[in-house]
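Residue strings, one per chain:
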Amino acid sequence: MSQTLNVDLGLRSYPIHIGSGLLADPESYRPHVRGDRIMIVTNETVAPLYLDPLEQALSDYRVSRVVLPDGEQYKTMEVWNRIFDALLQERFGRDCTLVALGGGVIGDMAGFAAACYQRGVPFIQVPTTLLAQVDSSVGGKTGINHPAGKNMIGAFHQPLAVIADTDTLETLPQKELSAGLAEVLKYGFIRDAAFLAWLESHMAELLSRDPNALSHAIKRSCEIKALIVAEDELEAGQRALLNLGHTFGHAIEAGAGYGAWLHGEAVAVGTCMAANLSQRLGWLEDKDVERLRRLISCAGLPTEPPADLSPDQMLELMAVDKKVLDGKMRFVLLKELGEAIVTDEVDRDTLYATLADRRS
Ligand code: NAD
Ligand code: MG
């Protein structure tokens, strides 16, 4: 059983297919593949699990593959360049399709390679983590890290299709599942109080990977992301709402060293900090903040930053984050649970109070 929703971007519109058994089904790809050559980009962890069934499903085409090392620490220019080495070595022209098989790291790197190879070739996302299925595979942001900052080098490049096979989540480590749930919760917090209530009552099913619960959560998450992206593809305004918890989160990821904290874990803590700040500004009530923290904690996620990361270090790391505009820091904060806004009206003392507010 599968469902499809559409990301509405005019000529760059594309479908997201969600369901069981999609990865191994040739029909998932046939309408989308361009040219007769395919380069699958994947990593050393995902390849033994899903490369064979994917290649089977693509057996009508000439398929090559490039298997990268696994991890956020490899989301670098050097490792990214190996995709071009493979494409050039095998004399790929523009008439080809790249297929990203893996989590967000692979999706971002393969997508950015597709954006750049011979000035741009098409690509298909086959996300295999919950985070990639609800977030990174949708919306067209691609890129790699630089030693000075995460995702600092990249491009907007929309995929031809997203094939989210829920069966792949069965092999996902529990920590990674929780990290994906951080982004799922984010959609509820920023846009949909009813979804938030649904998540509260279905968290146990989600954590035990009930396929129906997962499908619903993925579909609703993608719907909200697709809606926001369609309103603001290049992040001139509303799209920034998707960064709830991310300004704090990126600082935590960078402060802990890339790879030490999962992106979703850092976002979870960042969301708690954004809620703390929202409360200081008089928008959220105590009980809202408590509810948010409880939900994040129930999803198996942390709610406090690393003990050894001081408020001053956090502040410094946040200042290099790309969401600083004209020297002013922009925050995504919560007016209430289910409604986010973007603001640059946060004074330094209030921010500092949030950064220094450690509960454990
Ligand atoms: P990831 O890609 O590192 O995957 C997490 C781990 O799970 C990896 O070890 C991976 O090899 C493994 N894995 C993947 N699928 C598996 C499966 N089915 N079974 C077992 N193991 C599996 O991390 P992620 O959380 O998917 O993505 C995080 C990345 O996504 C970050 O680099 C972040 O910047 C990026 N991101 C991008 C966007 C965007 O809009 N482009 C949005 C959010 C996040
Ligand atoms: Mg994110």
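Draft legend 1. Looking closely at the overall build of the protein chain. For the protein chain, the count of helices and strands is 12 helices and 13 strands. Taken against the 2.2 N^0.38 rule, which gives 21 Å for 360 residues, the C-alpha radius of gyration of the protein chain at 20 Å falls within 12% of a compact globule. Along the longest, intermediate and shortest principal axes, the C-alpha atoms of the protein chain span 60 × 40 × 35 Å. When the 360 residues of the protein chain are sorted by exposure, 57% land in the buried category. Pairs at least 24 apart in sequence give 74% of the contacts found in the protein chain among residues at least 6 apart. Total accessible area on the protein chain is roughly 14500 Å²; 50% of this is exposed by carbon and sulfur atoms.

Draft legend 2. Quick peek at the site of ligand 1. Near ligand 1, the surroundings consist of 27 residues, among which Asp-70, Glu-72, Thr-128, Thr-129 and Thr-171 are the closest. Here a nitrogen atom of ligand 1 and a side-chain polar atom of Thr-128 are 2.7 Å apart. In the environment of ligand 1, an oxygen atom lies 2.8 Å from a nitrogen or oxygen atom belonging to the side chain of Lys-150. Here ligand 1 loses 90% of its free accessible area of 860 Å² to cover by the protein chains. Here the residues of the shell around ligand 1 are counted per class, giving 7 nonpolar, 11 polar and 9 charged.

Draft legend 3. The arrangement of the pattern of salt bridges in detail. Considering all chains together, one arrives at 21 salt bridges under this definition. Linking Asp-60 and Arg-30 is a salt bridge whose minimum nitrogen-to-oxygen distance equals 2.7 Å. Of this pair, Asp-60 sits in the loop between helix H1 (47-57) and strand S4 (62-68) while Arg-30 sits in the loop between strand S2 (14-19) and strand S3 (37-43), and the two are 30 residues apart along the sequence. Judged by its relative accessible area of 58%, Asp-60 is exposed. For Arg-30, a relative accessible area of 37% gives the class partly exposed. A salt bridge links Lys-141 to Glu-235; its shortest N-O distance comes to 2.5 Å. Here Lys-141 is found in strand S7 (residues 141-146), whereas its partner Glu-235 is found in the loop between helix H7 (211-231) and helix H8 (246-256), with 94 residues between them in sequence.

Draft legend 4. Up close: the coordination of the magnesium ion (ligand 2). Coordination sphere of the magnesium ion (ligand 2), protein contribution only: Glu-183 (OE), His-246 (NE2) and His-263 (NE2), at 2.2 Å. Look at where the donors of the magnesium ion (ligand 2) fall in the sequence and you get E-x62-H-x16-H. One end of the pair, Glu-183, is in helix H5 (residues 174-191); the other, His-263, is in helix H9 (residues 263-280), and 80 residues separate them in sequence. A relative accessible area of 19% places His-263 in the buried class.

Draft legend 5. How the structure looks around the nonpolar core. Counting residues in each nonpolar core, the largest one holds 72 residues, and the members touching the most others are Phe-189, Phe-248 and Leu-351. No other element matches H7, which puts 9 residues into this core. In contact with Phe-248, other than residues within four places in its own chain, are Gly-270, Met-273, Ala-274, Leu-277, Met-314, Met-318, Phe-331, Leu-351, Thr-354 and Leu-355. Formed by 25 residues, the second largest nonpolar core is a distinct cluster that contains Val-79, Leu-87, Ala-110 and Ala-114.

Draft legend 6. Region of the structure containing unusual backbone geometry. Positive phi outside glycine occurs at Asn-151, with the angle close to 55°. Residue Asn-151 is classed as partly exposed on the basis of its relative accessible area, which comes to 24%. Here Glu-235, not a glycine, exhibits a phi torsion of approximately 60°, which is positive.

Draft legend 7. Seen up close, the side chain of Lys-225. Mapped onto the fold, Lys-225 is located in helix H7. Take Lys-225: its relative accessible area is 6%, and that puts it in the buried class. A polar atom in the side chain of Lys-225 sits 2.7 Å from the side chain of Asp-135. Separated by 2.9 Å, the side chain of Lys-225 and the backbone oxygen of Val-138 make a polar contact. With residues near it in sequence (within four places) discarded, Lys-225 still touches Val-134, Asp-135, Val-138, Gly-139, Tyr-187, Arg-239 and Leu-242.

Draft legend 8. Representation of the packing of H5 against H7 in the model. Where H5 contacts H7, the two axes come as close as 9 Å, and the packing angle between them is 55°. By the angle between their directions, the pair H5 and H7 is classed as oblique. The chirality of how H5 crosses H7 is left-handed. Two secondary-structure elements touch here, H5 through Val-184, Tyr-187, Ile-190 and Arg-191 and H7 through Ala-217, Ser-221, Ile-224, Lys-225, Leu-227, Ile-228 and Glu-231. Considering only residue class, the contact of H5 with H7 consists of 7 nonpolar, 1 polar and 3 charged.

What counts and what doesn't
- Residues numbered from 1 in each chain as written.
- Chains lettered and ligands numbered in written order.
- Predicted model: local features only at pLDDT ≥ 70, side-chain atom pairs only at ≥ 80, totals over all residues.
- Heavy atoms only, no water.
- Helix = DSSP H or I, 4+ residues; strand = E, 2+ residues; numbered from the N terminus.
- Rg over C-alpha atoms; globule rule 2.2 N^0.38 Å.
- Buried < 20%, exposed > 50% of the residue type's maximum accessible area, 1.4 Å probe, protein only.
- Contact = heavy atoms within 4.5 Å.
- Areas by Shrake-Rupley, 256 points an atom, 1.4 Å probe, with all protein chains shown as cover.
- Near = heavy atom within 4 Å.
- Polar contact = N/O pair within 3.5 Å; in protein donor to acceptor, adjacent residues only side chain to side chain.
- Nonpolar A, V, L, I, M, F, W, Y, C, P; charged D, E, K, R; others polar.
- Salt bridge = Lys/Arg side-chain N within 4 Å of Asp/Glu carboxyl O.
- Donors = N, O, S within 2.8 Å, 3.2 Å for Na, K, Ca; no water.
- Core = buried A, V, L, I, M, F, W, Y, C linked by side-chain atoms within 4.5 Å.
- Axes fitted to C-alpha atoms, helices over the stretch in contact; angles between N-to-C directions.
- Parallel < 35°, antiparallel > 145°, perpendicular 65-115°, else oblique.
- Left-handed = near helix turned anticlockwise from the far one by under 90°.

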